[in-house]
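# Coordinate inspection notes
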Amino acid sequence: ADASSDNLRSGSTTIERAGELIIAPQTSANAKPKQSAASKQSSHAASKTKELNDTLTGVILTKLTRGNRDEALQDAGVAAVLSAAKMGDHLYETEGIEKPISDGEGRTPEMPVLTAYCEPVNQTLWQTKPLPARSGHETKASLFSVQYPHVNSCQYLPSQWPIDTPPVDLDPFLPWIHDVFPSPDGKSVVFVAQNRRRCYNGQRRIGYKEELPEGAIPHKNYIHLEYGKNYFMRPQAALFQHVPLKKIEVLNDGDDGSDKNEPRYRLASHEDAVDEGMETRFICRFKSFDPTATPNLSIVGYSLSKFEVDYDYHTFRKGYLRTHTEAGYDNHVIWTSQLLFKCPVPPDYQNEVKSGDSVVNDYATLYVDVIPIRTPPRYTPPREFFPPRYNFKAQLENLFVPDIEWGKDHVLPKIDESGRWENIPVCMPSLMTHGIVPKGGDMGSLALTETVDSKNKRLVEVAVEDASTKIHKVIACTWASTTFKTRSNRAQVGDGKRRLKEWLEFNILAGFDHVYVYDNSGAFTNEESLANVIDIFPPDKVTRIDWPCKICSNRDGNEGERSSQYAAESSCRLRFGTHARWLGSFDTDEYLVPMGNFNSIGEVADDLDKKGMKVAIFKSSPAKPRFDLLDDPDKSAEKDGSFTPTVKDDETFLHTYNCNWEQFPRSNTLTHRSKQMYRSDYVKLHYVHYATMTVVSQMSEDETRKSGLVWTHKYKEGYLHEFWELNEATMLHTKSKVAHNLLMWKQQCKKSSMSEGGCAVGFPFPKDADSKKTRDDGWVYNCYVNEKIETYWSPKLMDAIKQRGGRVMQG
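This write-up is about the structure you can find in this document. Going along each chain's sequence as written, the residues are numbered from 1 onward. With the structure being a predicted model, the display of local features is reserved for residues of pLDDT at least 70 and the display and counting of side-chain atom pairs for 80 or more, all residues being used for whole-chain, interface and lining totals. Side-chain calculation: all heavy atoms of the structure are included, whereas hydrogens and water are not.

This part takes up the side chain of Ser-303. Runs of H or I in DSSP of at least four residues are treated as helices and runs of E of at least two as strands, each being numbered from the N terminus. Mapping Ser-303 onto the fold places it in strand E14 (residues 297-304). We call two residues contacting when some pair of their heavy atoms lies within 4.5 Å. In this view, Ser-303 contacts Phe-282, Ile-283, Cys-284, Phe-286, Cys-343 and Pro-344; residues no more than four positions away in its chain are not counted.

Attention now goes to the pairing of strand E13 (residues 282-289). Per-residue accessibility, obtained with a 1.4 Å probe over protein chains only, is compared with the maximum for each type, and a residue is labelled buried under 20%, exposed over 50%, and partly exposed between these values. Across the eight residues of E13, eight count as buried, placing the element largely inside the fold. Side-chain alternation along E13 places Phe-282, Cys-284, Phe-286 and Ser-288 on one buried face and Ile-283, Arg-285, Lys-287 and Phe-289 on a second face that is also buried. Strand pairing is assigned whenever DSSP detects at least two bridges linking the two strands. Relative to strand E19 (residues 366-372), E13 is paired through seven bridges, and the arrangement is antiparallel. Of the residues in E19, the one forming a bridge with Arg-285 is Asp-369. As judged from the seven bridges shared by E13 and E14, these two strands associate in the antiparallel manner. Paired with Cys-284 across the bridge in E14 is Ser-303.

Another point: empty space enclosed by the protein. The gaps left among the atoms become clear once a water-sized probe is rolled over them. Within this scheme a cavity is a closed region of a 1 Å grid, computed over the protein atoms alone, that accommodates a 1.4 Å probe without allowing it to escape, whereas a pocket is open but has protein on both sides within 12 Å along at least five of seven lines; lining residues each have an atom within 4 Å of a point. Grid points are joined across faces, edges and corners, and a volume is the space filled by probe spheres set on the points. Within the structure shown, the criterion is met by nine cavities of 30 Å³ or more. What the largest cavity holds in volume is close to 140 Å³. If you go around the largest cavity, you meet 13 residues; those closest to its centre are Trp-479, Gln-565, Glu-569, Ser-585 and Phe-586. Put simply, the parts of the chain that give the lining of the largest cavity at least two residues each are strand E21 (472-480) and helix H14 (563-575). Among the elements that make up the lining of the largest cavity, the one with the highest residue count is H14 (four residues). Looking at the lining of the largest cavity residue by residue, the class counts come to seven nonpolar, three polar and three charged. By volume, the second largest cavity is sized at about 70 Å³. Around the second largest cavity, the lining residues are Arg-197, Gly-215, Ala-216, Ile-217, Ile-223, His-224, Tyr-227, Asn-230, Tyr-231, Glu-326, Ala-327 and Tyr-329. Sorting the residues of the lining of the second largest cavity by element identifies strand E10 (222-224) and helix H5 (227-232) as the ones contributing at least two each. Here the lining of the second largest cavity takes three residues from H5, the largest share from any one element. Put simply, Ala, Val, Leu, Ile, Met, Phe, Trp, Tyr, Cys and Pro go in the nonpolar bin, Asp, Glu, Lys and Arg in the charged bin, and everything else, Gly too, in the polar bin.

Below, the discussion takes up the nonpolar core. Ranked by internal contacts, the top residues of the largest apolar core, which has 116 residues, are Phe-191, Tyr-311, Trp-421 and Ile-424. Beyond its immediate chain neighbours, meaning those up to four positions away, Tyr-311 contacts Phe-240, Thr-323, Trp-335, Gln-338, Leu-339, Leu-340, Leu-685 and Met-693. One finds Ala-616, Leu-654, Tyr-657 and Trp-793 within the second-largest nonpolar core, a separate group that totals 45 residues. The criterion is simple. A nonpolar core is a set of buried Ala, Val, Leu, Ile, Met, Phe, Trp, Tyr and Cys residues joined through side-chain atoms within 4.5 Å.

The subject of this paragraph is the sheet that holds strand E16 (residues 338-344). The antiparallel open sheet is built from four strands, whose spatial order is E7-E8-E16-E15. If you trace the sheet from one side to the other, it starts and ends with strand E7 (176-182) and strand E15 (306-307), each paired once. Strand direction decides the pairing type here: E15 and E16, joined by two bridges, are antiparallel. Within the sheet, the bridge partner assigned to Phe-307 lies in E16 and is Phe-341.

The next thing to look at is the pairing of E16. Of all seven residues in E16, five are buried; the element is thus mostly enclosed. Sheet analysis places strand E8 (residues 188-194) next to E16, joined by seven bridges and oriented antiparallel. Among the inter-strand pairings, Ser-188 is bridged to a residue of E16, identified as Pro-344.

Another point: helix H7 (residues 311-318). Extensive coverage of H7 is indicated by the burial of seven of its eight residues. Buried within H7 we find Tyr-311, Asp-312, Tyr-313, His-314, Thr-315, Phe-316 and Arg-317. Nitrogen and oxygen atoms within 3.5 Å of one another constitute a polar contact, given that in protein one can donate a hydrogen and the other can accept it, and given that sequence-neighbouring residues count only through two side-chain atoms. Regarding H7, its N-cap is Asp-310, as a side-chain oxygen of that residue lies 3.2 Å from the backbone nitrogen of Asp-312 further along. After H7 finishes, the residue Gly-319 shows a positive phi value of roughly 80°.

A few words now on the pattern of salt bridges. Only one rule defines a salt bridge in this text: a Lys or Arg side-chain nitrogen within 4 Å of an Asp or Glu carboxyl oxygen. All chains considered together, the criterion is met by 43 salt bridges. For the salt bridge of Arg-544 with Asp-519, the shortest nitrogen-to-oxygen distance reads 2.8 Å. One end of the pair, Arg-544, is in strand E25 (residues 542-546); the other, Asp-519, is in strand E24 (residues 514-519), with 25 residues separating them in the sequence. When its relative accessible area of 25% is taken as the criterion, Arg-544 is described as partly exposed. Between Lys-675 and Glu-590 there is a salt bridge, with the nearest N and O atoms lying 2.7 Å from each other. Taken together, the residues span a long stretch of sequence, with Lys-675 in strand E29 (residues 675-679) and Glu-590 in strand E27 (residues 590-594) at a distance of 85 residues. Classification of Lys-675 as buried rests on a relative accessible area of 2%. For Glu-590, a relative accessible area of 3% gives the class buried. Taken together, the shared-partner salt bridges in this structure form one network comprising Arg-285, Lys-287, Asp-369, Asp-416, Arg-420 and Glu-422.

Classification of ring pairs uses Phe, Tyr and Trp, with its six-membered ring standing for Trp, and accepts pairs whose centres are within 6.5 Å; under 30 degrees between planes counts as stacked, over 60 as edge-to-face, and the remaining range as tilted. As enumerated under the stated definition, the model contains 37 aromatic pairs in all. Both rings, one in Trp-126 and one in Phe-173, keep their centres 6.4 Å apart while their planes meet at 70°; by these two values the pair is edge-to-face. Of the two residues, Trp-126 is situated in the loop between strand E5 (114-118) and helix H3 (136-142) and Phe-173 in the loop between helix H4 (157-160) and E7; the sequence distance between them amounts to 47 residues. Judged by centre distance (5.5 Å) and plane angle (35°), the ring pair of Phe-627 and Trp-745 falls under tilted. Taken together, the residues span a long stretch of sequence, with Phe-627 in the loop between strand E28 (615-618) and helix H16 (653-656) and Trp-745 in helix H18 (residues 745-748) at a distance of 118 residues. Grouping residues by exposure puts Phe-627 and Trp-745 together as buried. In this structure an aromatic cluster arises from ring pairing among Tyr-313, Phe-316, Phe-386, Tyr-390 and Phe-392.

Next up on the list: the packing of helix H12 (residues 496-509) against helix H19 (residues 787-804). Lines fitted to C-alpha atoms define the axes here, with helix axes fitted over just the stretch in contact, and angles between the N-to-C directions of these axes take values from 0 to 180 degrees. Across the interface, H12 lies against H19 with an axial gap of 10 Å and an inter-helix angle of 110°. It follows that H12 is roughly perpendicular to H19 by the angle criterion. Here H12 runs over H19; the crossing is right-handed. Facing H12, whose interface residues are Glu-502, Glu-505, Phe-506 and Leu-509, H19 presents Trp-793, Lys-796, Leu-797, Ala-800, Ile-801 and Arg-804. Taken together, the residues of the contact of H12 with H19 sort by class into six nonpolar, no polar and four charged. For classification purposes, an angle smaller than 35 degrees is called roughly parallel, one larger than 145 roughly antiparallel, one from 65 to 115 roughly perpendicular, and anything else oblique. It is the rotation of the near helix from the far one that decides the hand of a crossing: anticlockwise by less than a right angle makes it left-handed, clockwise makes it right-handed.

On their own, these measurements won't tell you what the molecule is for.
Pasting the structure below:
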């Protein structure tokens, strides 16, 4: 559509439209492209263009808004996706890598290869009502496949999955998957995906008398820095919204090679939809591989996806008008960062998945294809299209009417005629994959005994999962690396190994049953990881997950999107939180310290259960490193007089940073920095500092009242407990200070300033402090020591480190 003669090439057609993807095959639709031999993405975009035209059977171009990206950058973007597919997503741009990753002992050459089938997206058709149906024949002819042969291990699947340069950049209806794994009962395949559009929400102010660039949508005198990409990624928003489907009968004799038993669907209203298709977004197709059979790959079942949470309903409960906006200025709607859904496994294969028997030599024999249902995002208020289960009866003037928007004849193309993820391996349940329980092991024999007090009984049926899977009382998750860059890349911090070693030691000492480390070192370097630190600790206490994907935007505030961190948190909660009562996600500079009469975090968790609480909140503000415990400032002095505060080799971070600018118990709420520990079966979506969605917040009004709870439109968490810092628990935030924090420090530290700002290093008030505010050497007292940390936890930690062997600095 709308193709001009200027856009024609020999055997191919492109479409000149802002934000559209153009996929133009030059040969048969069934032909597979020869992949680029390039070993890494480089600056020679021009040669890449010629190479692609010469060696590929298809040509892919991204046409973004005019002026947003030059032609060389367009070609480099295409080359990046293809090179990543060939060489491995996070390795292809590393110097010295000159050949593709070889197959390991997992997937063998005859086994199915993970493949993304990219489909053209014509957003101009969204304006047509009813939405035009896609022609299966034409769509199939336009598909372009990208294969990922380096994905060959179930154990290392998160590190091999194509994330940093995903095919989503070519087809924005594909979910931006970061992790995939089966549920412990084998009944579902769980997906953790992120919202790729949020990566392009960086903004700039429109200049005085500046002419608005073509295609840019302004908002309060601002426009997106990458408005073309932001526009192109609009389909990502649609993936968070349900669509109802009606199953229909379509004659299929199988002459085209498709499965005669494949179910067919059309877009429908809630009234016409089938029960399993009432709230879905993806069609799931399962296939089994048997090397002794002919053919060796057979289709064994279909299902429709289910959301882990209802995003639009949560928008309503939060009192927001819309979940998504057309212009894309909605990063403050934090629950649209993580796309969580699952594909039900065919009943005949659930036991095989549960036991791990579907995996042989670290790779799957069962696969799932994920086919997105392609509709425009709904930018209307969510309550205009709630599923029937919410029984919403408000009188609205502008309801979303499917029969008008989609019509009654919008039949979805066959699966093989649709863009999709294909051959996603269905691996073992997570504890088996990581060797925490043996393959085929019975977790019921390891399960904790669940006790529920009378106050908590009313939530048991809706808030507590199968207790037989819970083998731990409290676990911790962390996303860490050997080195990292602070927000907006202001500074590089390289003490990751030392910090992790001490932090793990403390958390084991403090009573966490297990710690899961999502090792993000591969996002910064290919030379080292945190593995040698983790190997110091017993495997029944610490597990490492190689997690090299990068954050897609390191900007400040709502313009940033720390996608790798958010996905790691959801992965840990859904993979491992299922097996624990309580879970906390912390950084390695955050110490959750039992206080009062509590000497373990397990005791703290038991007390929370007795109180019927589901979420515990800890105040958190960066502590000050004590000047007298730091290494000599002259060793790291800069020309501007600043220095980098460095903890001495024979000291710990816990001891050195035990100096808060506010006396315990702290009175400031510090909500935006608070961290939480929560019941993993109660919190449905967690976002760094917030229990964003819970079992109760997702209840309808009728469900809420039947559970004996109070209903309000704007939900307020009723099972939130803020810790009393002196008698229950507190958090010490040992955030690293860098040189730019110490500008003019000598002047600042001789001024009175009882605040987080001012002097960045600590001069603690003595126990017997009188009215005197200044030390004899002129430094002003500016922080307070926590006595239990000082006299109990710090010495205990030092002893534990010595007993495990080596100095504090070692690691």
